[in-house]
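One letter stands for each residue in the lines below.
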Amino acid sequence: GSASGILLNVKEEVTCPICLELLTEPLSLHCGHSFCQACITANHKKSMLYKEGERSCPVCRISYQPENIQPNRHVANIVEKLREVKLSPEEGQ
């Protein structure tokens, strides 16, 4: 169990399932999945076009209401810390 292994696990937890990048302005649905604000917004627009207004989580397909979306500050803080680590020179990828 190396530190870099732990870092990779944490990184997976805070990676957007839509764009596969670190979450930007993470928003969480009530099912517990988190997405970048831009990604889940684009996902709404698509689901509004194809599914008669039914919005569902791109990961688990549970439907949700826009008012159930919460900013996830906890995840946002973790992403900030990860970005700091990644920017430090001793971590060559």
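Residues numbered from 1 in each chain as written. Predicted model: local features only at pLDDT ≥ 70, side-chain atom pairs only at ≥ 80, totals over all residues. Heavy atoms only, no water.

Help me out: how do you make sense of the nonpolar core in this one?
Proteins that are soluble and globular tend to have nonpolar side chains buried together. Ranked by size, the top nonpolar core spans 16 residues in total, and within it Val14, Cys16, Leu23, Leu29, Phe35, Ile40 and Val79 carry the most contacts. Residue assignment for this core shows that the elements contributing at least two residues are strand E2 (34-36), helix H2 (37-50) and helix H3 (73-87). The biggest single contributor to this core is H3, with three residues. Residue contacts for cysteine 16: discarding those within four places in its chain leaves Glu21, Leu23, Phe35, Cys36 and Cys39. (Core = buried A, V, L, I, M, F, W, Y, C linked by side-chain atoms within 4.5 Å. Buried < 20%, exposed > 50% of the residue type's maximum accessible area, 1.4 Å probe, protein only. Helix = DSSP H or I, 4+ residues; strand = E, 2+ residues; numbered from the N terminus. Contact = heavy atoms within 4.5 Å.)

Would you mind showing me how to read the environment of asparagine 68 here?
Within the secondary structure, asparagine 68 sits in the loop between H2 and strand E3 (70-71). A relative accessible area of 30% means that asparagine 68 is categorised as partly exposed. Residues asparagine 68 and serine 28, 40 residues apart in the sequence, show an inter-C-alpha distance of 8.4 Å. Discounting chain neighbours no more than four positions away, the residues touching asparagine 68 are Ser28, Leu29 and His30.

Just to check I follow, could you spell out unusual backbone geometry for this structure?
Among all residues save glycine, negative phi is the norm, and among peptide bonds the norm is trans. Phi is positive for leucine 20, close to 60°, though the residue is something other than glycine. Tracing the sequence through the fold places leucine 20 in the loop between helix H1 (3-13) and strand E1 (26-28). One non-glycine residue, arginine 61, adopts positive backbone phi at about 70°. When you line up the elements, arginine 61 lands in the loop between H2 and E3.

Where do I start with the sheet that holds E3 in this structure?
One key point about sheets: their strands pair by backbone hydrogen bonds, in either a parallel or an antiparallel sense. The strand order across the open sheet formed by three strands is E2-E1-E3, and the pairing between neighbours is antiparallel. Of all the strands in the sheet, just E2 and E3 have a single pairing partner and so form its edges. (Pairing = 2+ DSSP bridges.)

I would appreciate a short explanation of H2 in the present structure.
Each α-helix winds once per 3.6 residues, and so residues spaced three or four apart point in a common direction. Taking 1.5 Å per residue, 14 residues should reach 20 Å; H2 reaches 20 Å between its end C-alpha atoms and fits that length. Within the span of H2, buried status applies to Cys39, Ile40, Asn43, His44 and Ser47. One side of H2 holds all its buried residues, which, seen down the axis, span an arc of 145°. Looking at H2, the residues exposed on the side facing more than 90 degrees away from the buried face are Ala38, Lys45 and Leu49. Where H2 is buried, its residues contact E1 and E2. (Expected span 1.5 Å × (residues − 1). Arc of directions from axis to C-beta.)

Just checking my understanding: could you explain the environment of histidine 44 for this structure?
With respect to the helices and strands, histidine 44 occurs in helix H2. What makes histidine 44 buried here is its relative accessible area of 15%. Along the primary structure histidine 44 and glutamate 54 are separated by 10 residues, whereas in three dimensions their C-alpha atoms are 8.8 Å apart. Ignoring anything within four residues of it in the chain, the contact list for histidine 44 reads Arg55, Tyr64 and Ile69.

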